[in-house]
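Analysis of the macromolecular model
These are the residues of each chain, in order.
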Amino acid sequence: MTESAADVKRVFNFSAGPAMLPVDVLEEAQADMLDWNGSGMSVMEMSHRGKEFLSIANKAEADLRSLLNIPETYKVLFVQGGASSQFSAIPLNLLTSEETIDVVVTGSWSKKAAAEMKKYCKVNVCAKPDSFTSIPPVAEWSLSPESKYVYFCANETIEGVEFKEDPLCEGKTLIADVSSNFLSKPINVENYGIVYGGVQKNIGPAGMAIVIVKESLLGSARADCPAMMDYKIAADNDSMYNTPPCWTMYMCGLVFAKLLREGGLEGMQERNQEKCKLVYDAIGDSNSFYNCPVDPAVQSCMNIPFTLADAELDKPFISEAAEQGLVTLKGHRSVGGMRASVYNAMPKEGCQKLADFMKDFQAKHA
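Everything numeric in this text was worked out from a predicted model, so none of it was measured.

**Focus on the pairing of strand β10 (residues 209-214)**
Of all six residues making up β10, five are buried, and the element is well covered by its neighbours. Sheet topology places strand β9 (residues 192-198) next to β10; five bridges connect them, and they run antiparallel. Among the inter-strand pairings, isoleucine 194 is bridged to a residue of β10, identified as valine 213.

Now the structure itself:
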């Protein structure tokens, strides 16, 4: 006998990833677990080349294309290796060892990307703030005259800085890692050569990345590019050069369909702005009991880092929050403090409960 969400004590999980999934999506997957759509099989048991799974994969791609208004001139690839594998795949597909890519380093993930890309091509770090709490304006970037591409991380999960608009650079092709704000708001795909992200933060279970790549960029992979990283091979084989992460694709497809039912990305953006404002207001109204170090102009809607004025209160904050069903609030080990990740699946009630707890904790310990 299966349990419904009403029978289960769920917590509000503020993890940076893997993260919360929508309860109704989990319940749909639960209902399909033993028998998907009368097939007599779980999705986890299906051949990836059978008609049942192909229908799942085709619908997932079609729904994602609808959500992001992806033009037909772009390919959608469902790939293994997570987002970090794209740090290598991008130069191996686009650049020779003597060519240069511009990289904007605004936090830990773009810093890692730059370090990995240096193994395969020349990297010009065209912008890097003194601390990862702001984003330098495009006009201040030192772009290389030789580069064709500008790479950036749209939302830094650890530091909590987010690009609020596309950083268009004349004569350059943009490449964006959108792992931690993927599908949290609309984006204009046509402004990019590649948009990619891991799915385990804002879309589905861990185990897959999605790469949206302009078709004209395919077919230039280096001779030493592994077949599993060659975008053209993935595109020519409809992301099934080998067995794909079938269950993750299925779960992502359920999330895509839910987003379409609930007003698309415009509606999701509005809900996300309302949610994160509750937490930022609790920080801003605390008379410096709490502090968010990030420039307000680029504060992330997804990942909210904050510190307590008295670091001795960090452990009591985490333990007392957990007692209230507010979990995984400890900040990243490289930054410390707290971090509340409020991705799409985090309900407004979770952010309200966190904000209320923060006010109560302050009243108790100030």
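**Topic: the packing of aromatic side chains**
Tallied over the entire structure, the rule returns 13 aromatic pairs. Here the aromatic rings of phenylalanine 289 and tyrosine 290 are separated by 4.8 Å at their centres, their planes lie at 85°, and the arrangement is edge-to-face. Measuring from centroid to centroid gives 5.2 Å for phenylalanine 317 and phenylalanine 361, while their planes differ by 80°, and the two rings are edge-to-face. Of the two residues, phenylalanine 317 is situated in helix α8 (residues 314-323) and phenylalanine 361 in helix α9 (residues 348-365); the sequence distance between them amounts to 44 residues. When sorted by exposure, phenylalanine 317 lands in the same class as phenylalanine 361, which is buried. In this structure an aromatic cluster arises from ring pairing among Phe289, Tyr290, Phe306, Phe317, Phe357 and Phe361. Cation over ring: lysine 112 sits above tryptophan 109, and NZ or CZ is 4.4 Å from the ring centre.

The rules behind these values
Residues numbered from 1 in each chain as written. Predicted model: local features only at pLDDT ≥ 70, side-chain atom pairs only at ≥ 80, totals over all residues. Heavy atoms only, no water. Buried < 20%, exposed > 50% of the residue type's maximum accessible area, 1.4 Å probe, protein only. Helix = DSSP H or I, 4+ residues; strand = E, 2+ residues; numbered from the N terminus. Pairing = 2+ DSSP bridges. Phe/Tyr/Trp six-rings, centres within 6.5 Å; stacked < 30°, edge-to-face > 60°. Lys NZ or Arg CZ within 6 Å of the ring centre and 35° of its normal.

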